[in-house]
Each structure stands twice: as structure tokens, then as C-alpha cells.
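# Fold and geometry: a report
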Amino acid sequence: MAPFIDLDQDLVEATQAIEHPLLTAVFVVLSAWWVKGPLLVGLGLWSDLWRRRLPMAFAAAAVATGAASLVVHWLKLAFDRDRPPVADPDVGSLVALPGNPSFPSGHSATAFAAATAVAIMCPRMRPWALAIAAAVALSRVYLRVHFPLDVLVGAAVGAGLGALCALAVMRLMRTSAPPATPA
């Protein structure tokens, strides 16, 4: 595990070389609370409004976001990993440090949970949803509040939960649909 930890540290330190005020401003916005879940859940609702009577993509994204938040909370307590500036005081973060542990990234998990649910249920929204989730995840490393491994595991947890929720909602939709009448 030591090589991964070293690589994690090196990658976080490397973000200092690409630091730019405009890039920092963009990533601060992408790290805002309303982007990591509500914006992506809203994409599901927007897609539902012109496709379905019931907001099923919205429901799947909302449940996935809540599940990801809960799972990440317990994983953070179990692993209790220090955030980059705490692990190495020479690495300063560009925003205030959250008070909870670093591993896994909650922003990445909730963003990918919502984005994956929307991507599965609304294929037209797939590029937008996944691009936003990826940008949210990248912002956490750039701002130096997470290590890359935190973000990757958070994204995997979120994507898995998003897929489960979307598939469960799709199955529910199939089983509750009225039977087709023979022609």
C-alpha cells in the first residue's frame, strides 16, 4: 500500500504546479454543495419532465445520492484518513478543510451516484452528467482537500450505488407497468 500512498502524495503536490486563479475559481464552484448532488439530481428531473409522467430518474438519482452519502460517512469513520494538508503541512489547501476524514471523497461519491443513475436512465444526459461528476471529483484533488485515491474510491462507490438505484427503479417500472394488450 505504501507505493499508492506515495503516489497519492506526489499527485497532490503536483497540483501546485498547475495552480491558476481562474482554474481555482472554477474548481471552487464545482466543489460547492449544490453541484455534487442537487445539480445532478436536477438533471434527472429535467430529463423526466419531457419524457415521463413520473420523475423516475430524479428518484433514482436522489436515492443514490442519499445512499452514497450514508455509505461514505461510515467509510470515513472506519478509515479515518488525514486530508492532504494535515498529512503534509507543506501542502496547503485552496479552500477551508472539511472537519471529517478524507477517505473516501463524499463529493465524488454523491456526484457519481447521481450522475450514474441519470446516465443509465437518461442516455441523452449521460455525457453531461458524467462530465459534471468527473469535474467535481477532479476539483477535490486540485483544491488539495482529497488525495486521488480518495476521489477514485468515492467515484467507484457512487457509481456502483447509482447503477444499483437506477436498475432497481427500472425494474420497478417494468413490473408495475400495465400488461400490454394483444393486438
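In this convention, every chain numbers its residues from 1, walking through the sequence in written order. Since the coordinates come from a predicted model, pLDDT governs what is reported: local features require at least 70, and pairs of side-chain atoms require 80 or more to be given and counted, while whole-chain, interface and lining totals use all residues. Hydrogens and water molecules were not included; the side-chain quantities draw on all heavy atoms of the structure.

## Quick look at a negative patch on the surface
Note the cut-off: The patches described consist of residues with a relative accessible area above 30% and no salt bridge, like charges being joined within 9 Å and nonpolar side chains (Val, Leu, Ile, Met, Phe, Trp, Tyr) within 5 Å. To be clear on the numbers: accessible area is Shrake-Rupley with a 1.4 Å probe, and residue cover counts the displayed protein chains and nothing else. A carboxyl oxygen of Asp or Glu within 4 Å of a side-chain nitrogen of Lys or Arg is what we treat as a salt bridge. In this tally Asp and Glu are treated as negative and Lys and Arg as positive; neither His nor the chain ends contributes. Charge positions are represented by NZ for Lys, CZ for Arg, CG for Asp and CD for Glu. Numbered from the N terminus, helices here are DSSP runs of H or I no shorter than four residues, and strands are runs of E no shorter than two. Between buried and exposed lies partly exposed: a residue is buried under 20% and exposed over 50% of the maximum accessible area for its type, with that area taken using a 1.4 Å probe on protein chains only.
Taken together, Asp 6, Asp 10, Glu 13 and Asp 90 make up a surface patch of like negative charges. Relative to the helices and strands, Asp 10 resides in helix α1 (residues 2-14). Relative accessible area serves as the criterion here: at 47%, Asp 10 is assigned to the partly exposed category.

## Here we look at the nonpolar core
Formally: As used in this record, nonpolar core signifies buried Ala, Val, Leu, Ile, Met, Phe, Trp, Tyr and Cys residues forming a set joined through side-chain atoms within 4.5 Å. The contact definition used throughout considers only heavy atoms, calling two residues in contact when any of these lie within 4.5 Å.
Core analysis: the biggest nonpolar cluster contains 32 residues, and Leu 40, Ala 61, Ala 117, Val 118, Met 121 and Cys 122 have the highest contact counts within it. Among the elements of the structure, α3 (33-51), α4 (56-79), α6 (106-121), α7 (126-142) and α8 (148-176) are those that each provide at least two residues to this core. Contact partners of Ala 117, with chain neighbours within four places excluded, come to Ala 60, Ala 61, Ala 64, Gly 162 and Ala 166.

## Re the packing of aromatic side chains
Rules: Between 30 and 60 degrees the pair is tilted, below 30 it is stacked and above 60 it is edge-to-face, where a pair is any two Phe, Tyr or Trp rings, Trp via its six-membered ring, whose centres lie within 6.5 Å.
Under the counting rule described, the total for this entry stands at two aromatic pairs. Judged by centre distance (4.9 Å) and plane angle (75°), the rings of Phe 79 and Phe 103 are edge-to-face. With Phe 79 in helix α4 and Phe 103 in the loop between α5 (84-87) and α6, this pair connects stretches of sequence that are 24 residues apart. The buried category is assigned to Phe 103, whose relative accessible area is 12%.

## With respect to unusual backbone geometry
Phe 103 connects to Pro 104 through a cis peptide bond whose omega is -10°. Tracing the backbone through its elements, the reader meets Pro 104 in the loop between α5 and α6. Of note in the backbone geometry, Asp 80 takes a positive phi value of approximately 50° without being a glycine. Relative to the helices and strands, Asp 80 resides in the loop between α4 and α5. Of note in the backbone geometry, Arg 144 takes a positive phi value of approximately 65° without being a glycine.

## Section: the packing of helix α2 (residues 21-30) against α7
The cut-off we apply is this: Only the stretch in contact is used when a helix axis is fitted, and all axes are lines through C-alpha atoms; the angle between N-to-C directions ranges over 0 to 180 degrees. For classification purposes, angles smaller than 35 degrees are called roughly parallel, those larger than 145 roughly antiparallel, those between 65 and 115 roughly perpendicular, and all remaining angles oblique. Crossing handedness is read from the near helix: turned anticlockwise from the far helix by less than a right angle, it gives a left-handed crossing, and turned clockwise, a right-handed one. Three classes are used: nonpolar for Ala, Val, Leu, Ile, Met, Phe, Trp, Tyr, Cys and Pro, charged for Asp, Glu, Lys and Arg, and polar for all others, with Gly counted as polar.
At a minimum axis separation of 8 Å, α2 and α7 run at an interaxial angle of 120°. In terms of their interaxial angle, α2 and α7 are classed as oblique. Considering how the two elements wind past one another, α2 and α7 form a crossing that is left-handed. Each of Leu 23, Thr 24, Phe 27 and Leu 30 in α2 lies in contact with α7, whose residues at this interface are Ala 135, Val 136, Leu 138, Ser 139 and Tyr 142. Counted by class, the contact of α2 with α7 contains seven nonpolar, two polar and no charged residues.

## Some remarks on the confidence of the model for the protein
Note the following rule: pLDDT expresses, on a scale from 0 to 100, how confident the predictor is about each individual residue.
On average, residues of the protein carry a pLDDT of 86, and 87% of them reach 70 or more. Within the protein, the lowest mean pLDDT, 67, falls on α3, and the highest, 94, falls on α6.

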